[in-house]
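# Working through the structure, step by step
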Amino acid sequence: MNSHWIVVGLALLCFAQVWAKPASKDDGSDYQEDDVQEEREVDYSEGPVVAISPPQTLFVPPGASVFLPCEIQNTDQFAIEWRTGTDVELYVDNLKLTQNPDINKELNNTLVIRNVKVGDTGEYKCRALTNPPVTILHKVFVQSEGITVLPSDKNDVDQGASLTLTCQAGEDIKPLAMYWSRAGQRLKGEESKVKGQIFAISLNIKNATRHLAGVYQCVVEVGANNPIIKYISLKVRHAPEIEYAYEEANGHKHHISHYSTSIGTTVNITCLVHAHPGVNKLVWIHNGNEVKIDSVNYFKDDKPKSHHTLGIRNVTKNDFGIWQCRAHNVIGLALGPEITLNDAPGQPRFESGEGIEDSIELRWKVFSFKPINKTEFLYRKHGETEWKHGVAKVDSSIGKEQIIITTIKNISGKHEAKVRASNDDEHLDMHDVVWGPYSDIKKFDGEHGETKALTGGSSGIPNVMWTLIFIIAPLAYVCL
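A brief structural summary.

Calculation notes
Chains are numbered independently. Their residues run from 1 in the order of the written sequence. Only residues with pLDDT of at least 70 get local features here, since the model is predicted, and only at 80 or more are side-chain atom pairs given and counted; chain-wide, interface and lining totals rely on the full set of residues. As a rule here, side-chain values come from all non-hydrogen atoms in the structure, and water together with hydrogens is ignored. The definition used for a disulfide is geometric: two cysteine sulfur atoms within 2.5 Å. What counts as a helix is a DSSP run of H or I of at least four residues, what counts as a strand is a run of E of at least two, and both are numbered from the N terminus. Only protein chains enter the accessibility calculation, which uses a 1.4 Å probe; a residue whose area is less than 20% of its type maximum is buried, one above 50% is exposed, and one in between is partly exposed. The aromatic pairing rule takes the rings of Phe, Tyr and Trp, using the six-membered ring of Trp, and pairs them if the centres are within 6.5 Å, calling planes under 30 degrees apart stacked, those over 60 edge-to-face and the rest tilted. For a Lys NZ or an Arg CZ to count as sitting over a ring, it must be within 6 Å of the ring centre and within 35 degrees of the ring normal. In this description, a nonpolar core means a group of buried Ala, Val, Leu, Ile, Met, Phe, Trp, Tyr and Cys residues linked to one another through side-chain atoms lying within 4.5 Å. Here a residue-residue contact requires only that any non-hydrogen atoms of the pair lie within 4.5 Å. Two strands form a pair only when DSSP identifies at least two bridges running between them. Between N-to-C directions, angles cover 0 to 180 degrees, with each direction set by a line fitted to C-alpha atoms, over the stretch in contact for helices.

### Focus: the state of the cysteines
Inspection of every chain in the model, using the stated rule, returns 3 disulfides. Residue pairing for Cys-70: its cysteine sulfur links by disulfide to Cys-126, the two sulfurs lying 1.6 Å apart. Linking Cys-70 in the loop between strand S3 (66-68) and strand S4 (72-73) with Cys-126 in strand S10 (residues 122-128), this pair joins segments that are 56 residues apart in sequence. Judged on exposure class, the residue Cys-70 and its partner Cys-126 are both buried. Covalent S-S linkage joins Cys-271 and Cys-325, the inter-sulfur distance amounting to 2.1 Å. With the S-S dihedral at roughly 120 degrees, the linkage between Cys-271 and Cys-325 falls on the right-handed side. Placement of Cys-271 in strand S24 (residues 267-276) and of Cys-325 in strand S29 (residues 321-328) is noted, with a sequence separation of 54 residues between them. Classification of Cys-271 as buried rests on a relative accessible area of 2%. Relative accessible area serves as the criterion here: at 1%, Cys-325 is assigned to the buried category.

### Digging into the packing of aromatic side chains
Counted according to the given criterion, the structure contains 6 aromatic pairs. These aromatic residues form a ring-pair network of at least three members: Phe-59, Phe-141 and Tyr-231. The ring of Tyr-179 carries the charged tip of Arg-186 above its face, separated from the ring centre by 3.9 Å.

### Observations concerning unusual backbone geometry
The omega torsion of the bond from Asn-131 to Pro-132 falls at 0 degrees, within 30 degrees of zero and hence cis. Take Pro-132: it is sitting in the loop between S10 and strand S11 (134-142). A cis amide bond links Leu-150 to the next residue, Pro-151, at an omega of 5 degrees. Among the structural elements, Pro-151 can be located in the loop between strand S12 (147-150) and strand S13 (154-158).

### Topic: the nonpolar core
Counting 28 residues, the largest nonpolar core has Leu-165, Cys-167, Met-178, Trp-180, Tyr-216 and Cys-218 as the members making the most contacts within it. Among the elements of the structure, S12, strand S14 (163-169), strand S15 (177-182), strand S18 (197-205), strand S19 (214-221) and strand S20 (228-244) are those that each provide at least two residues to this core. The biggest single contributor to this core is S20, with 6 residues. In this structure Tyr-216 touches Leu-165, Trp-180, Ser-181, Arg-182, Leu-187, Leu-203, Ile-205, Lys-230, Tyr-231, Ile-232 and Leu-234, once residues within four positions along its chain are discounted. With 23 residues, the next largest nonpolar core counts Ala-51, Val-66, Cys-70 and Val-142 among its residues.

### Some words on the side chain of Arg-127
Within the secondary structure, Arg-127 sits in strand S10. Here Arg-127 is in contact with Ala-79, Ile-80, Glu-81, Arg-83, Pro-133, Val-134 and Thr-135, once residues within four sequence places are set aside.

### Re the sheet that holds strand S37 (residues 401-409)
Taken in spatial order, the 4 strands make up an open sheet running S32-S33-S37-S36, and their pairing is antiparallel. This sheet does not close on itself; its edge strands, each paired only once, are strand S32 (349-356) and strand S36 (391-398). Along the sheet, successive strands turn relative to each other by an average axial angle of 20 degrees, direction set aside. Pairing between strand S33 (residues 359-367) and S37: 9 bridges, direction antiparallel. The residue bridging Phe-367 from the neighbouring strand is Glu-401, located in S37.

### Re the sheet that holds strand S5 (residues 80-84)
Strand pairing in a sheet relies on backbone hydrogen bonds, with the paired strands running either antiparallel or parallel. Reading across the sheet, the 6 strands line up as S2-S11-S10-S5-S6-S7 and stay open at both edges, with mixed pairing between neighbours. Edge positions in the sheet fall to strand S2 (57-60) and strand S7 (95-96), since each has one partner strand and no second. Summarising the sheet, S2 and S11 pair through 4 bridges and their orientation is parallel. Residue pairing for S11: Leu-58 is matched across the bridge by Val-140.

Given below as structure tokens:
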């Protein structure tokens, strides 16, 4: 682009700014500033928003009516919406957004689907539009006619057991193909044929675990028409299995083994329990001792049913330490992994990275109630065992979220890194410092790899243009 035209363009921009500039308040004009909308604080005095209706999984024949309840407490200030699992909106409060006359909502927010069809199979989500939303998820499976599944539509087996699921086509159906699938994945089954014509398919399940539980579907392809589908539910009876709760950040799931808090605050710690039949007793243990749950210092929230949360009011140092939950059902019991509670910073989360000249710069976000005064950044080449120390500094903070920038110079090839932080202002000896947990290990390419798109430097604008911009910018500012 000719630099002459750049100057002309910037001059016109300056003129436009002057022409459009609003008059000042003392020049007698009628101009008024835009109204500033103050953020309204939500009143939670009625209590937390809690889902009451349990999720349902329904197997129904075509033509039936389905009722999906949606009872959520303390939603007077929030809208309630219904949508499908594919995010097709059905209702927002009493505003109907679907054109389907067979789908309607009752005054108590129950969604009613009448004369169901195979196409109505899927997930239906009732959601209170809080932040984050409180959701109840229902699943509806409309069974096709003309095929039979064995042993039955619903099966309950012991962990370690073996089971054969069989799907048979009716006499009037001539399948072109038959197969079993689960969670969208086609499974390998054994076909049964008579004179070359397939009429049944079997799926052998060996050593059943909770990971094999779920809804299986038999699919019968019959040509140009839609396939015939029959669903079967498999549940596996097992003693409790406990794992960390998790949160999603940057598209990844992170297990929460550490909770950062502060004296005088309220904190919630959670363990995730899988059990069938369900848990009939859950105990919280602190530093090896069982804790008596009272309404003054502690409270429990077990919704959704697999998430068991302990709330601690008015946290003191006596609450710091190692927490675990122990879950019981009619089959057995299990002790969960250790959960750390203290006032150290939380686990850093990787935010972004970029290559700057001969360096790689990685940015991390970490939550801390107190200012971070120490950081430790470690990196190593992929395949090596020894960690090296890199440069780290606290760059900025927004409330309790703080940004750590870490830098590595003159490296090449694939590397991995991790960082942790401390806000301990009581211990001078580094051996006694209380640290927060390390971040998840971040892998990156020393040749800038994934960060290449973020690399600074050339942006495709000639140097002469940057020079002109720096010359004209102050003039534009004066024009304003």
